[in-house]
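Observations on chain architecture
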Amino acid sequence: MAKHQYQTEIGQLLHLMTHSLYSNKEIFVRELISNASDALDKFNYFYLTDDKFKNEEWSGAITINIDKDDNSISIADNGIGMDEEDLLNNLGTIAKSGTKSFIENLTGDAKKDSTLIGQFGVGFYSVFMVAKQVDVITKKGSQAYKFSSDGTGEFDIVPVTKDSRGTVIYIKLKDEEKEFTSPWRIKEIIKKYSNHIAYPITLKYKEDETTGEGENKETKEVSKSEQVNSAKALWTLPKGELKKEDYSEFYKSISHGDEEPLLYLHNKAEGANEYTTLFYIPRKAPMDLYRADWESGVKLYVKRVFITDSEKELLPPYLRFVKGIIDSSDLPLNVSREILQENRILANIKQASTKKILQAISKLEGEDLDIFILQYNRVIKEGIYSDYTNKELLLDIVRYKSSTQEGLVSFADYISRGDSEKKEIYYIIAENEKVAKASPLLEAYKKAGIEVLIMDDKEVDEIVTPMINSYKEWKLQDISTIDAPVTKTPEEQEAVNEAMKPLIEKIKETLGDEVKDVKVSSRLIDSAVCILKDSSDPMASMAHMFRQMGQEMPQIPLILEINAEHELIAKLSKTENKELFDDMVWILLDSAKITEGLEVKDGAAFAKRVASIGEKSFK
C-alpha cells in the first residue's frame, strides 16, 4: 500500500473543511458532478478524434447511487479517468488545486468562504465537509487505482481492478449527515446547481413501495432509477426558450458560486462563420485578476464538443474576467493548440465577441455601472493601452475622478460641460486623490472654474493616458506640462516678470542643476511655489518610454514656478541673509516635490533645513 502525506496547505484546507466551513455543505455534490462533467468532456474529445476509440460504443453519463443502510453515496462517471500520476497531481498535491490561494483569500466568514471552494479548484476537498471516508476508484489506461482518505492528513493510492474506464467516488457519510441519503435532497441540489450539465445525471436509490389494500396490503423495497437533470447544453437552446433564471443557474454552475452575474450576453452568429457565444461578467473580479498566472474563464467547444478551457487568447487579456462559452461550428474537432492560436476563424470570433462585450458594458447604468467600474476600471485601462481597434468603446467605458464633480465621470460627461471651442480635456496624474487635489497646479483651474480629471492610479495612468491623445476630437492636456488659464494681461505679466528677475537669478544660483528653469507662475493663487515637468525636454519622453519597458525611469527635468504675490516670496526677495535664503529656497523646492508625490533628493538635508528655519523663528 502506497501511503502519502498531504502537503501542508492541503492539511490546513482539510482541517477547514472538516471543522469550519459548514454553512453550505451541499456544494460538495455540485463540485463532484462538475468534476465528473469535465472528465466526460475530455474523453468525449478523444472519442470523436482518436482512431483507437472509434470502435467503442460510448455515451457520457453520470450516475449517483444512494445507500441509506450504509449511510453512503457514490458518484460515478465514464469519462477519461485518472492514472496514479493524475491522482497525485489532482488530489494529493497543491500543483493543480489552488489550495494556497484559497487559504490566502479566506475571510473568516464561513458562509462567504464556502463559496470560494469551486472558484479555486479545491472542489474535491469539499467532500470532507460531510465524509468520514472517501474512496476514489478510477481507471484511465490498463491499470485502475484506488485513492483513499479520511481527510486527516494522509491518503493511500493502491492498484485495484475495475472493468471500465472512468471514476467512481464512494463517500461514507458522517453519522450526522444522513440528509444526503435522501433522494429528494439530492434531486433538489442537482436541480439547483447542475440541471444544465450536458450529460444525463441518473439517480439510483431504493424506496419502500406499498401495493394493495387491507389484508392484501404489502410493502416492499424497490430499486428506482431516474434522470434528474435536463442534460441540454444551455447555450445551444434558443434564447426565446430561456428565462433569466436559466442563465443565472448556468452561471452559478460554471462560476462555482452563488452570486448572480452582473451581465450576460447570448449570441448566435450565422453566415461566413457559424458560432454561439454565452458570456458572463461577474459582480466581483476574479481573485487572480492581477496575477501573472491567471486562468481563462472561457471554454471553447466545437459542435458542442469540449476542446479547451485553458486557451487565454479566446478573448483579449484585459477581458480575462469574462466567463462563458464559445461554441464554433466551423473548426475541426482535432484542432491543435498551435492551430488555435493562428486560426482565422477564432480571430474573427474573438474580434466580434470583444466588440459585443464592450458594447454591452457601455450600456450599463446606475448601480450595475458603479459595480463594474469599481471592479474592472483598471483592466479597462489595460485595454486602452493594448487594443487600438476598440479604443473608442473603451474610452466610453473608463471613468475618472474630477476636481469639480462628486463620484466618477466619463470623458463624455466631461466634454458635455467643457469649452466646445477649445476642445481640451485637462487632467492631472498623482499617487492618490488627496495628493492631486492638494496640488498647487490645480489652483488656477479652480479659480477659473475649469474641470480637471484626476487620474489617481499613477502606476497605470502615467503609461496609459499619453496613449489616449484625444477623445472625439478633444485633446487631452496634462496640466503639469501646459500653461495655466490666464489670470493677468500680457502687460501685467511682463511687468511682474521684470520685477522678479533679480530674485529668479538668485534662486537659480542656489539650486544650480537641480532644476532646469525658474519662472514666475501664472497658475498659483494660494501656494508659494510649484514644480512642473518640461514636456519639451527629450528626457520627459524617454521617461515615458522607460515606463513602457518596465525599467527604472531617468530623472525628469523640473521647472520651479514661484508665486510673485505670495507673502513668503516677497519676504524672500528682501532678505539679505544668504544662509536663510538658501535654506528657504531648498525647503520650497523640496516641499513642492512632496506635494506632487515626489521624493526629495536629500531627506536628511531637508529635515536639517526645516529645523534651522524653525530655530531662527524663535530668536
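Residues numbered from 1 in each chain as written. Predicted model: local features only at pLDDT ≥ 70, side-chain atom pairs only at ≥ 80, totals over all residues. Heavy atoms only, no water.

Regarding the sheet that holds strand 22 (residues 529-533)
Keep this limit in mind: Should DSSP find at least two bridges between two strands, the strands are taken to pair. Elements are defined by DSSP. Helices are runs of H or I of four residues or more, strands are runs of E of two residues or more, and each kind is numbered from the N terminus. Simply put, an axis is a line fit to the C-alpha atoms, just over the touching stretch for a helix, and the angle between two N-to-C directions goes from 0 to 180 degrees. What makes two residues a contact is simply this: any of their non-hydrogen atoms within 4.5 Å.
What the three strands build is an open sheet, ordered 21-23-22; its pairing is mixed. Strands with a single pairing partner mark the edges of an open sheet, and in this sheet they are strand 21 (517-520) and strand 22. Neighbour-to-neighbour, the strand axes of this sheet turn through a mean angle of 30°, independent of strand direction. Strand contacts of helix 19 (residues 578-595): strand 22 and strand 23 (558-562), with the helix running at about 60° to strand 22, the strand carrying the most contacts.

Here we look at the nonpolar core
The condition that has to hold: What is meant by a nonpolar core is a set of buried Ala, Val, Leu, Ile, Met, Phe, Trp, Tyr and Cys residues, joined one to another through side-chain atoms within 4.5 Å. Classification of residues uses two cut-offs on accessible area relative to the type maximum, computed with a 1.4 Å probe and protein chains only: under 20% is buried, over 50% is exposed, and between them is partly exposed.
Residues I281, F321, I361, F372, F411 and L453 are the most contacted members of the largest nonpolar core, which totals 76 residues. Counting residues per element, this core draws most heavily on helix 10 (residues 366-386), which supplies eight residues. Once residues lying within four places of it in the same chain are set aside, the contact partners of L453 are Y400, K401, V409, F411, Y414, I425, Y426, Y427 and I428. Formed by 47 residues, the second largest nonpolar core is a distinct cluster that contains I80, Y125, M129 and L203.

Describing the environment of L88
Position of L88 among the secondary structure elements: in helix 3 (residues 84-92). Assessed through its relative accessible area of 25%, L88 is described here as partly exposed. Sequence separation between L88 and F147 is 59 residues, and the spatial gap between their C-alpha atoms is 9.1 Å.

Structural notes on the sheet that holds strand 15 (residues 400-402)
The strand order 16-15-18-17-20-19 describes an open sheet built from six strands, whose pairing is mixed. With one partner strand each, in any of the chains shown, strand 16 (408-409) and strand 19 (470-471) form the two edges of the open sheet. Direction of pairing for strand 15 relative to strand 18 (residues 453-455): antiparallel, over a ladder of two bridges. From the neighbouring strand, S402 faces strand 18, where its bridge partner is L453. Contacts from helix 15 (residues 458-468) reach strand 15, strand 17 (424-429), strand 18, strand 19 and strand 20 (474-478) within the one sheet, and its direction differs from that of strand 17 by about 155°.

Description of the packing of aromatic side chains
Spelled out, the test is: Stacked, tilted and edge-to-face are the three classes applied to pairs of Phe, Tyr and Trp rings, where Trp contributes its six-membered ring and a pair requires centres within 6.5 Å; stacked means planes under 30 degrees apart, edge-to-face means over 60, and tilted covers the rest. In this scheme, Lys NZ or Arg CZ marks a charge over a ring once it lies within 6 Å of the ring centre and within 35 degrees of the ring normal.
Overall, the coordinates contain 22 aromatic pairs when judged by the stated rule. Taking the centre distance of 5.4 Å and the plane angle of 50° together, the rings of Y47 and W58 count as tilted. One end of the pair, Y47, is in helix 2 (residues 27-49); the other, W58, is in the loop between helix 2 and strand 2 (62-67), with 11 residues separating them in the sequence. Take W58: its relative accessible area is 16%, and that puts it in the buried class. When the centroid spacing of 6.0 Å and the interplanar angle of 75° are considered together, the rings of F124 and F147 count as edge-to-face. With F124 in the loop between helix 5 (110-114) and strand 4 (131-139) and F147 in strand 5 (residues 144-149), this pair connects stretches of sequence that are 23 residues apart. Among the aromatic residues, those joined into a ring-pair cluster are W235, Y247, F250, Y251, Y264, Y280, Y301 and F306. Geometry around Y193 places R30 over its ring, the cationic atom sitting 5.3 Å from the centre. The ring of F581 is capped by K506, whose NZ or CZ atom sits 4.4 Å from the centre of that ring.

Side note on the environment of L87
Along the chain, L87 falls in helix 3. Among the residues examined, L87 registers a relative accessible area of 0% and is labelled buried.

A look at the confidence of the model for the chain
Formally: Values of pLDDT, which run from 0 to 100, indicate the predictor's confidence residue by residue.
In this model, the chain carries a mean pLDDT of 85, and residues with pLDDT of at least 70 account for 87%. Scored below 50 in pLDDT, residues 94-99 shows 19 contacts in the model against residues more than four places distant or in partner chains. Segment residues 116-121: pLDDT under 50, and 26 contacts once partners within four positions in sequence are set aside and those in other chains are kept.

Here we look at the packing of helix 19 against helix 20 (residues 603-617)
Here is the rule we go by: Convention used here: angles under 35 degrees read as roughly parallel, angles over 145 as roughly antiparallel, angles from 65 to 115 as roughly perpendicular, and any remaining angle as oblique. With the far helix as reference, a near helix turned anticlockwise by less than a right angle produces a left-handed crossing, and one turned clockwise produces a right-handed crossing. Under the convention adopted here, Pro, Cys and the residues Ala, Val, Leu, Ile, Met, Phe, Trp and Tyr are nonpolar, Asp, Glu, Lys and Arg are charged, and Gly plus all remaining residues are polar.
Their axes nearest at 9 Å, the elements helix 19 and helix 20 cross at an angle of 125°. Judged on the interaxial angle alone, helix 20 and helix 19 are oblique. The element helix 19 and its partner helix 20 pack so that their crossing is left-handed. Residues E579, L580, D583, M584, W586, I587, D590, S591 and I594 of helix 19 form the contact with helix 20, whose participating residues are F606, R609, V610, S612, I613 and K616. Of the residues contributing to the contact of helix 19 with helix 20, the split by class is eight nonpolar, two polar and five charged.

Some thoughts on helix 10
Here is the rule: In this analysis, the expected span of each helix is defined as 1.5 Å times one less than the number of residues it contains. Fitting axes to the seven residues that end at a residue and to the seven that start at it, the angle between those axes gives the bend at that residue.
The first and last C-alpha atoms of helix 10 sit 28 Å apart over 21 residues, in line with the 30 Å expected at 1.5 Å per residue. Most pronounced at Y376, the bend in helix 10 amounts to some 65°. Buried within helix 10 we find L369, I371, F372, I373, Y376, N377, V379, I380, K381, G383 and I384. On its buried face, helix 10 sits against strand 11 (275-281), helix 9 (344-362), helix 11 (391-397), strand 15, strand 16 and helix 15.

Comments concerning the packing of helix 16 (residues 490-511) against helix 19
Where helix 16 contacts helix 19, the axes come no closer than 10 Å and their chain directions differ by 80°. On the basis of their axis angle, the class for helix 16 and helix 19 is roughly perpendicular. Along its contact with helix 16, which presents L503, K506, I507, T510 and L511, the element helix 19 presents F581, D582, V585, W586 and L589. Among the residues forming the contact of helix 16 with helix 19, the class breakdown is seven nonpolar, one polar and two charged.

Structural notes on unusual backbone geometry
Note on backbone geometry: most residues besides glycine have negative phi, and most peptide bonds are trans. Residue N71 is not a glycine yet carries a positive backbone phi of 50°. Relative to the assigned elements, N71 resides in the loop between strand 2 and strand 3 (72-77).

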